[in-house]
Amino acid sequence: MAPFREREVQKDNLLNWVGMHHNEDAVRKVFLNMDIALKYIHDHGYCIEVFYPTEIEVLNDNPDYIQFNHLMELSSDPVTRKQMIKEDIFNSSLVQIGIYTNTFKSLTPSFLREHFDELSRFIPEGDVPYYRGVVQRGATVYLSEFAVEKTKRDLQQLNKQLQEETGEKQETTHFDSEPLTNDRINDSIYKQINGLKDVAFINYLLIPTIVILSLVVIGFLGWIISLF
């Protein structure tokens with residue numbers, strides 16, 4: 001797949017894109033890639049400043065290309081940082097459930113927590129445990145991580161079931177349980193993350209260097225003047 005290029009971009013916000021793609025598999029795929037992008041952003045020291053579906057964009061009508069428009073840097077304090085990530089994961093679930101249930105405009109965190117069971121009827125059955133964990137138990141788990149583990153467990157269960165039915169030991173199906181990633185695409189979309197960090201790092205090194213050189217120059221000039 002060709003890398004993301006700015007000049008080729010067509011943009012649809014998440015609500016519009018879902019409105020044009022009613023297939024559950026397509027919607028789930030865009031949510032998985034939204035989650036993968038979220039984890040990428042967290043891993044690079046940022047979080048989401050505005051978590052509203054009109055500020056989340058699908059680029060070039062491709063669910064692999066998810067762009068959050070408003071980022072902010074994560075706190076350097078470990079406790080605060082963890083809480084910010086937890087809030088992002090909850091907000092992601094809130095947005096996704098709101099879209100699944102067509103209640104986003106009126107859905108609040110408190111209503112979601114209290115009425116999760118009624119709303120869960122509209123969520124893909126296999127993902128209900130994930131959303132329940134995030135919404136009602138405060139789990140800090142990414143949807144993409146849950147999906148990998150669920151696939152692994154489903155394959156193990158299938159092997160066990162086949163063994164019980166046939167009475168024969170089944171060949172273990174190998175499953176690569178590495179995390180789902182989309183790094184090449186996200187590297188292209190979120191170039192500003194590394195760019196901003198590079199600028200900060202350069203400033204961190206440059207300013208002390210300038211100060212030290214200034215002191216050396218002042219000291220040298222003072223020594224020259226003392227000779228006369």
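The rules behind each value
- Residues numbered from 1 in each chain as written.
- Predicted model: local features only at pLDDT ≥ 70, side-chain atom pairs only at ≥ 80, totals over all residues.
- Heavy atoms only, no water.
- Core = buried A, V, L, I, M, F, W, Y, C linked by side-chain atoms within 4.5 Å.
- Buried < 20%, exposed > 50% of the residue type's maximum accessible area, 1.4 Å probe, protein only.
- Contact = heavy atoms within 4.5 Å.
- pLDDT = per-residue confidence, 0-100.
- Axes fitted to C-alpha atoms, helices over the stretch in contact; angles between N-to-C directions.
- Helix = DSSP H or I, 4+ residues; strand = E, 2+ residues; numbered from the N terminus.
- Parallel < 35°, antiparallel > 145°, perpendicular 65-115°, else oblique.
- Left-handed = near helix turned anticlockwise from the far one by under 90°.
- Nonpolar A, V, L, I, M, F, W, Y, C, P; charged D, E, K, R; others polar.
- Phe/Tyr/Trp six-rings, centres within 6.5 Å; stacked < 30°, edge-to-face > 60°.
- Polar contact = N/O pair within 3.5 Å; in protein donor to acceptor, adjacent residues only side chain to side chain.
- Pairing = 2+ DSSP bridges.

**Notes on the nonpolar core**
So, step 1. Ranked by size, the top nonpolar core spans 52 residues in total, and within it Leu 14, Phe 31, Met 34, Phe 68, Leu 112, Tyr 131 and Tyr 190 carry the most contacts.
So, step 2. Sequence-distant contacts of Phe 68, defined by excluding residues within four places in its chain, comprise Met 34, Ala 37, Leu 38, Ile 41, Ile 48, Phe 51, Glu 55, Ile 56 and Tyr 190.

**Let's talk about the confidence of the model for the protein**
So, step 1. Residues with a pLDDT of 70 or more make up 73% of the protein, whose mean pLDDT is 84.
So, step 2. Segment residues 198-206: pLDDT under 50, and one contact once partners within four positions in sequence are set aside and those in other chains are kept.

**Description of the packing of helix α3 (residues 78-100) against helix α6 (residues 128-137)**
So, step 1. Two elements in contact, α3 and α6, have axes separated by 10 Å at closest approach and are oriented at 125 degrees. Classified by the angle their axes make, α3 and α6 are oblique. Crossing angle aside, the handedness with which α3 passes α6 is left-handed. Note on element contacts: α6 touches α3 through Tyr 130, Tyr 131, Val 134 and Val 135, opposite Ile 89, Phe 90, Ser 93, Gln 96, Ile 97 and Tyr 100.
So, step 2. Among the residues making up the contact of α3 with α6, the classes are represented as eight nonpolar, two polar and no charged.

**Quick notes on the packing of aromatic side chains**
So, step 1. Applying the stated rule across the entire model yields seven aromatic pairs.
So, step 2. Taken together, a centroid distance of 5.1 Å and an interplanar angle of 90 degrees make the contact between Phe 31 and Tyr 100 edge-to-face. Here the residue Phe 31 occupies a position in helix α2 (residues 24-43), and Tyr 100 occupies one in helix α3, the gap between them amounting to 69 residues.
So, step 3. An aromatic cluster is present here, built from Phe 31, Tyr 100, Tyr 130, Tyr 131 and Phe 146 joined pairwise through their rings.

**Brief notes about the environment of His 21**
So, step 1. Structurally, the position occupied by His 21 is in the loop between α1 (14-20) and α2.
So, step 2. Overall, the relative accessible area of 22% leaves His 21 in the partly exposed class.
So, step 3. Not counting the four nearest positions on each side in its chain, His 21 is found in contact with Ala 26, Val 27 and Asp 61.
So, step 4. A distance of 3.3 Å separates polar atoms of two side chains, one belonging to His 21 and the other to Asp 61.

**Points about the sheet that holds strand β1 (residues 11-13)**
So, step 1. The three strands are arranged β1-β3-β4 in an open sheet whose pairing can be described as antiparallel. The open sheet is flanked by β1 and β4 (66-68), the only strands paired with a single partner. The average undirected angle you get between the axes of adjacent strands in this sheet is 35 degrees.
So, step 2. Both β1 and strand β3 (residues 56-59) contribute to a ladder of three bridges, which runs antiparallel. Bridging from a neighbouring strand, Asp 12 pairs with Val 58 of β3.
So, step 3. Relative to β4, α2 is tilted by about 50 degrees, and along the sheet it contacts β3 and β4.

**What about the packing of α2 against α3?**
So, step 1. Where α2 contacts α3, the two axes come as close as 11 Å, and the packing angle between them is 165 degrees. Relative to α3, the element α2 is oriented roughly antiparallel. The element α2 and its partner α3 pack so that their crossing is right-handed. For the pair formed by α2 and α3, the contact residues are Val 27, Arg 28, Phe 31, Met 34, Leu 38 and His 42 on the first element and Arg 81, Ile 85, Asp 88, Ile 89, Ser 92, Val 95, Gln 96, Ile 99 and Tyr 100 on the second.
So, step 2. Looking at the contact of α2 with α3, its residues break down into nine nonpolar, three polar and three charged.

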